[in-house]
Amino acid sequence: MENGRTKDVDVAADGIAPEVPGEDVAVNDAAQWEAWDAAFDREDGPYDVDEVDLDADDVKRLDLGTLILTPFDKMNLQLQVDKAKEKVQALLISDGTSAMEVAVFAGPTRSSMLSEIRDEIIKATTAAEGAVELVAGPFGAELRRRLPVTTPEGKPATHMSRTWLCSGPGWVLRGVVMGKAALEPDNEEADSAMWEFFSNLVVRRGPQPAAPGSVLLMDIPQLDEK
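One structure accompanies this document, and this report is about it.

About the cut-offs
- Residues numbered from 1 in each chain as written.
- Predicted model: local features only at pLDDT ≥ 70, side-chain atom pairs only at ≥ 80, totals over all residues.
- Heavy atoms only, no water.
- 1 Å grid on protein atoms, 1.4 Å probe; cavity = no way out; pocket = protein on both sides within 12 Å on 5 of 7 lines; lining within 4 Å.
- Points joined across faces, edges and corners; volume = space filled by probe spheres on them.
- Helix = DSSP H or I, 4+ residues; strand = E, 2+ residues; numbered from the N terminus.
- Nonpolar A, V, L, I, M, F, W, Y, C, P; charged D, E, K, R; others polar.
- Buried < 20%, exposed > 50% of the residue type's maximum accessible area, 1.4 Å probe, protein only.
- Pairing = 2+ DSSP bridges.
- Axes fitted to C-alpha atoms, helices over the stretch in contact; angles between N-to-C directions.
- Parallel < 35°, antiparallel > 145°, perpendicular 65-115°, else oblique.
- Left-handed = near helix turned anticlockwise from the far one by under 90°.
- Contact = heavy atoms within 4.5 Å.

### Observations concerning the layout of surface pockets
Remark: the empty space left among the atoms is shown by a probe the size of a water molecule rolled over them.
Part 1 of the argument: One number sums up the size of the second largest pocket: a volume of about 150 Å³.
Part 2 of the argument: As for the second largest pocket, its lining consists of Ala136, Gly137, Pro138, Arg144, Arg162, Pro185, Asp186, Asn187, Glu188, Asp191, Ser192 and Trp195.
Part 3 of the argument: Of all the secondary-structure elements, those providing two or more residues to the lining of the second largest pocket are strand 8 (131-137) and helix 4 (188-199).
Part 4 of the argument: Counting residues per element, the lining of the second largest pocket draws most heavily on helix 4, at 4 residues.
Part 5 of the argument: Taken together, the residues that form the lining of the second largest pocket break down as 4 nonpolar, 3 polar and 5 charged.

### Remarks on the pairing of strand 11 (residues 171-179)
Part 1 of the argument: Buried residues dominate strand 11, accounting for 8 of its 9 residues.
Part 2 of the argument: Where strand 7 (residues 98-106) and strand 11 come together, 9 bridges link them in antiparallel fashion. The residue bridging alanine 106 from the neighbouring strand is tryptophan 171, located in strand 11.
Part 3 of the argument: Relative to strand 11, strand 10 (residues 156-168) is paired through 7 bridges, and the arrangement is antiparallel. Its bridge partner being in strand 11, cysteine 166 is matched across the sheet by leucine 173.

### Re the packing of helix 1 (residues 30-38) against helix 2 (residues 114-127)
Part 1 of the argument: Where helix 1 contacts helix 2, the axes come no closer than 10 Å and their chain directions differ by 130°. In this view, helix 1 runs oblique relative to helix 2, as classed from their interaxial angle. Here the hand of the crossing between helix 1 and helix 2 comes out right-handed. Where helix 1 approaches helix 2, its residues Trp33, Glu34 and Asp37 are matched on the opposing element by Leu114, Ser115, Arg118, Asp119 and Ile122.
Part 2 of the argument: The residue inventory of the contact of helix 1 with helix 2, partitioned by class, reads 3 nonpolar, 1 polar and 4 charged.

### Points about unusual backbone geometry
Part 1 of the argument: Of the consecutive residues glycine 45 and proline 46, the connecting peptide bond is found in the cis state with omega at -5°.
Part 2 of the argument: Assignment of secondary structure puts proline 46 in the loop between helix 1 and strand 2 (47-48).
Part 3 of the argument: Within the chain, glutamate 86 stands out as a residue other than glycine whose phi angle is a positive 55°.
Part 4 of the argument: As for its placement among the helices and strands, glutamate 86 is situated in the loop between strand 5 (76-82) and strand 6 (87-94).
Part 5 of the argument: The exposure class assigned to glutamate 86 is exposed, which follows from its relative accessible area of 60%.
Part 6 of the argument: A positive phi angle, close to 60°, is found at glutamate 129, a residue other than glycine.
Part 7 of the argument: Positionally, glutamate 129 belongs in the loop between helix 2 and strand 8.

In structure tokens:
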């Protein structure tokens, strides 16, 4: 975000690398995923709105109803809008070299559906002839995906991404990291802005009924024109 306005993301590295040969990376079993999830708690975010006092500080945030953002310096923001409903389905933020797509989904109140979501992602990756690896990430089990793509020039390439999943009371937050932070997953400097942004997200689930797994739409923010 620049000057309080949304702008299109211009990502120098969008997670696409030259085609990389090699065997598919083996996927760990569900018991291991659950152990990684259990080792993570949301004490340092992401948060549910009932867990924080947003009036306790002078931090400038952007309220999209279902999701409250804390912009960082020189952050670029793009909203993926359902024009028929005039609601935001997902958002894409960037620091210029890395980007992250964020969406919120309905989830069960007293249990977790993270393993089910990961199973679906793995099946979709396999169907697309890609490869996926699960590792211990900053928010529990993290999926690292490699998908075959074709560049605008017609050359084969590989799209790299990292998926973070976090569940709260009645919601699931998903962040898909791309660009330099996906190409260099062990580079803490590359993913620091993505990690901090995701950690500072606040979910306002609301009382509306929604089937688990369905997208929770967000409001188009009213931006300060000053």
